[in-house]
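Each chain, letter by letter, is given below.
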Amino acid sequence: MAKKVAVIGAGVSGLISLKCCVDEGLEPTCFERTEDIGGLWRFKDNVEDGRASIYHSVITNTSKEMSCFSDFPMPEDFPNFLHNSKLLEYFRIFAKKFDLLKYIQFQTTVISVRKRPDFASSGQWEVSTQSNGKEQRAVFDAVMVCSGHHIQPHLPLKSFPGIERFKGQYFHSRQYKHPDGFEGKRILVVGIGNSASDIASELSKKASQVFISTRHGAWVMSRISEDGYPWDMVFHTRFSSMLRNVLPRTVVKWMMEQQMNRWFNHENYGLVPQNKYLMKEPVLNDDLPSRVLYGAIRVKTRVKELTETAAVFDDGTVEEDIDVIVFATGYTFSFPFLEESLVKVEDNRVSLYKSMFPPHLEKPTLACIGLIQPLGSIFPTVELQARWATRVFKGLCSLPSETTMKVDIVERNEKRIDLFGKSQSQILQTNYVDYLDELALEIGAKPDLVSLFFKDPKLAVKLYFGPCNSYQYRLVGPGQWEGARNAILTQKQRILKPLKTRTLQPSSNNPASFLLKILGLLAVVLAFFFQLQWF
């Protein structure tokens, strides 16, 4: 008899969890408190309690080839970075393709998830839900928590003395939808994450002046990388990941600084991170530097205090006549439907084995999906989490002892702090390729590069030096997809398809130009070698 699984939430994590349940022969039921799928990526003009909220202009920071699910590439004509409406369209196509909507109970809120009296032997849960004013209870063999972590705004007003006397308007970035109504205003944006940078850049087109206040600064990258390819297809390769893991930290830090300053010198723009050697998530914004360059945005230090109309900063400077303050200060998270003993949130952090499983449960029948912040795309990450969780539920994969899991949690947190720091924005941070491989190894889906170099060298080279995308985890193991190899070898044409909208004469492959490229490459290698020697 197939095990019954409760999936809480029909956002990205919920949808892929449904598919993974079906793939493993489980019987899922998804509870979604709103009337539609999409979660965070479904824009609405109004802010709703208990639901993630985005602004109208949101565009993905990870490219389509690095963000699609592993056996379902995005259409060739989709742009490389997607507006939220386009990404939602992909999710709708995905849900229809795999007939997932029939498993979802919309406008149904999960009130509580509790252990059954015989949990120690059965591992079962009693799930209470409410729909149309009626409460229902049902028993499930496993639970997948896919409720997200962009719902409860973190608004640290106590850290801003004088906020109570400020006469202007202030709100959390969660409430921001579009720039209309902010014409001619003097606006202060607090924070330097992706949302803060997007909102500041957008508002600067209509406001009279925008200020960004940041305590720590940030590296800012463009979505466009070498030869115009998406940044993540260049940055997230197994080869690059290997270099970052094996080279001395001092060398890696130096290389990262050089790479981040290649576009513009962050120090000159007042954006250089306070601790520039932490591997913090960079800000992806193509407009911010130019907005700073021509004065539409001014970068300021931490806000020391507020007056009725002004902001006083740590460096002693004062900006008068502030009309609006936007607090882009991130989110906290909680699980109101779970008993605190199940998943306890302390200092905005939870102790989960590999960011998924509570280590103390007698039976591993509850998993949190998507409670993580990888340096790369979240979509392939949650897919591998769901693939592993469903196989654990079926008993095809097992977890180590409670002691082993707790030791791993402590060591993983120490490593996270060493790499990313202690700030709240980095609580869920993790390395991308390393974490994907770690999850894939659990289910036997990690490709064996050594054997591939002998069996299929062309593919092996692509896997090692090319983008580490989700297709790689469908080459072997459970859920193997026969189209994975072709998807890897044809990804370039799906990148270029939406770009080549103007017909051009094919360029000639001049042998002389090829020779110049080879000589140029040698010159770069030699220059790099001498730089290292000097360093």
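- Taking an unreviewed UniProt entry as the reference, the protein chain is identified by name as Flavin-containing monooxygenase belonging to Phodopus roborovskii.
- As stated in UniProt under Sequence similarities (unreviewed entry), the record for the protein chain gives "Belongs to the FMO family."

**Focus: the side chain of Ser 201**
Part 1 of the argument: Structurally, Ser 201 is set in helix α5 (residues 194–203).
Part 2 of the argument: Apart from the residues within four sequence positions on either side, Ser 201 is in contact with Asn 285, Asp 287, Leu 288, Arg 291 and Ile 297.

**Digging into the packing of aromatic side chains**
Here the distance between the centres and the angle between the planes together describe a pair of aromatic rings.
Part 1 of the argument: A complete count under the given rule lists 26 aromatic pairs for this structure.
Part 2 of the argument: Centroid distance Phe 31 to Phe 140: 5.9 Å. Interplanar angle 85°. Geometry classified as edge-to-face. A residue pair is termed long-range when its members are at least 10 positions apart, and Phe 31 in strand β2 (residues 27–31) and Phe 140 in strand β6 (residues 134–140) qualify at 109 residues. Here the two residues Phe 31 and Phe 140 agree in accessibility, since each one is buried.
Part 3 of the argument: Each ring, one from Phe 239 and one from Tyr 464, has its centre 6.1 Å from the other, and the planes form 65°; the classification is edge-to-face. Residue Phe 239 is found in helix α7 (residues 238–246), and its partner Tyr 464 is found in helix α14 (residues 457–465); the two are separated by 225 residues along the sequence.
Part 4 of the argument: Judged by relative accessible area, Phe 239 falls into the partly exposed class, the value being 31%.

**Here we look at the environment of Phe 81**
Part 1 of the argument: The topology assignment puts Phe 81 in the loop between α2 (64–67) and α3 (84–97).
Part 2 of the argument: Accessibility expressed as a relative area gives 17% for Phe 81, which makes it buried.
Part 3 of the argument: C-alpha separation for the pair Phe 81 and Pro 506, spaced 425 residues apart in sequence, amounts to 26 Å.
Part 4 of the argument: With near-sequence residues (within four places) excluded, Phe 81 lies in contact with Ile 59, Thr 60, Asn 61, Thr 62, Ser 63, Arg 223, Pro 230 and Trp 231.

**A short note on a positive patch on the surface**
Part 1 of the argument: Taken together, the side chains of Lys 458, Lys 462, Lys 492 and Lys 500 present a region of like positive charge at the surface.
Part 2 of the argument: Summarising the element assignment, Lys 500 is placed in the loop between α16 (491–496) and α17 (511–534).
Part 3 of the argument: With a relative accessible area of 63%, Lys 500 lands in the exposed category.

How each quantity is defined
Throughout, a residue's number is its position along its own chain's written sequence, starting from 1. The predicted nature of this model means local features are confined to residues of pLDDT at least 70 and side-chain atom pairs, given and counted, to a pLDDT of 80 or more, with totals for whole chains, interfaces and linings taken over all residues. As a rule here, side-chain values cover all heavy atoms of the structure and leave hydrogens and water aside. UniProt positions are given in the numbering used here, feature names are shortened, and annotations may be inferred rather than shown by experiment. Each helix is a run of H or I in the DSSP string that is no shorter than four residues. Each strand is a run of E no shorter than two, and both are numbered from the N terminus. In what follows, a contact means two residues having at least one pair of non-hydrogen atoms within 4.5 Å. Note on aromatic pairs: the rings of Phe, Tyr and Trp (six-membered ring only in Trp) are paired at centre separations within 6.5 Å, and the planes decide the class, stacked below 30 degrees, edge-to-face beyond 60, tilted for the rest. Throughout this description, buried means an accessible area under 20% of the type-specific maximum (1.4 Å probe, protein chains only), exposed means over 50%, and partly exposed covers the range between. Distance thresholds for patches are 9 Å for like charges and 5 Å for nonpolar side chains (Val, Leu, Ile, Met, Phe, Trp, Tyr), applied to residues having over 30% relative accessible area and no salt bridge. Each accessible area is a Shrake-Rupley estimate made with a 1.4 Å probe; only the visible protein chains count as cover when residues are assessed. Any Lys or Arg side-chain nitrogen found within 4 Å of a carboxyl oxygen on Asp or Glu counts as a salt bridge. The charge count treats Lys and Arg as positive and Asp and Glu as negative. His and the chain ends do not count. Positions of charges follow a simple convention, taking NZ of Lys, CZ of Arg, CG of Asp or CD of Glu.

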